[in-house]
Amino acid sequence: ARDLILYERELELVDEPGPTLKLRLEGARLAYRVQDYDRAMAHYQGALDIDASCIEAIRGLRRVAVALGDWPGALTQLEEELPLSSPMERRALAA
């Protein structure tokens with residue numbers, strides 16, 4: 001949780017899209033790890049606000065939806081993820 005706070009403080013200081021995207025993704029991963037799913041969703045959504053095709057954020061939102069038992073939300077994220085995935089990934093996700 002301490003690391004998450006540090007990432008969020010750094011986010012306040014950065015205003016460039018590339019570094020902000022990386023901080024958002026790492027903040028989301030840390031929040032997910034400590035089961036702070038609302039915070040994870042906010043960071044993943046912030047990443048998508050920077051790059052709408054960020055597959056890491058889309059996958060992260062799917063994982064959060066699954067963790068919350070939000071099956072319609074997980075399906076929505078999966079539908080967004082599939083077109084951005086490689087052929088091998090699509091086969092694995094479809095299984």
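Residues numbered from 1 in each chain as written. Predicted model: local features only at pLDDT ≥ 70, side-chain atom pairs only at ≥ 80, totals over all residues. Heavy atoms only, no water.

(A) Summary view of the pattern of salt bridges. Scanning the model with the defined rule gives six salt bridges in all. A salt bridge links Arg39 to Glu8; the shortest N-O distance between them is 2.6 Å. In this pair, Arg39 sits in helix α3 (residues 37-50) while Glu8 sits in helix α1 (residues 2-13), placing the two residues 31 residues apart along the sequence. Using a relative accessible area of 29% as the deciding quantity, one classes Arg39 as partly exposed. In this structure, Arg29 and Glu26 form a salt bridge, with 3.2 Å as the shortest nitrogen-oxygen distance. Here Arg29 and its partner Glu26 are both found in helix α2 (residues 17-33), three residues apart, which amounts to about one turn of the helix. Overall, the relative accessible area of 33% leaves Arg29 in the partly exposed class. Through salt bridges with shared partners, a single network forms among Arg59, Arg62, Glu81 and Glu89. (Salt bridge = Lys/Arg side-chain N within 4 Å of Asp/Glu carboxyl O. Helix = DSSP H or I, 4+ residues; strand = E, 2+ residues; numbered from the N terminus. Buried < 20%, exposed > 50% of the residue type's maximum accessible area, 1.4 Å probe, protein only.)

(B) Looking closely at the environment of Arg63. Inspection of the secondary structure assignment puts Arg63 in helix α4 (residues 55-67). With 13 residues separating them in the primary sequence, Arg63 and Thr76 have C-alpha atoms 12 Å apart. The contact partners of Arg63, leaving out residues within four places of it in the chain, are Tyr32, Tyr44 and Glu56. (Contact = heavy atoms within 4.5 Å.)

(C) Spotlight on the packing of α2 against α3. Where α2 contacts α3, the axes come no closer than 8 Å and their chain directions differ by 160°. For the element pair α2 / α3, the angle class is roughly antiparallel. In the crossing of α2 with α3, the sense of the turn from one axis to the other is left-handed. Only Tyr37, Arg39, Ala40, Ala42, His43, Tyr44, Gly46, Ala47 and Ile50 of α3 make contact with α2, whose side of the interface consists of Pro17, Thr20, Leu21, Arg24, Leu25, Gly27, Ala28, Arg29, Ala31 and Tyr32. In the contact of α2 with α3, the residues fall into 12 nonpolar, four polar and three charged. (Axes fitted to C-alpha atoms, helices over the stretch in contact; angles between N-to-C directions. Parallel < 35°, antiparallel > 145°, perpendicular 65-115°, else oblique. Left-handed = near helix turned anticlockwise from the far one by under 90°. Nonpolar A, V, L, I, M, F, W, Y, C, P; charged D, E, K, R; others polar.)

(D) Geometry of the side chain of Gln77. Examined against the element boundaries, Gln77 turns out to sit in helix α5 (residues 71-81). By relative accessible area, which is 13% here, Gln77 ends up buried. For Gln77, the residues in contact, after removing those within four places along its chain, are Ile58, Leu61 and Arg62.

Honestly, it's all geometry; don't read function into it.
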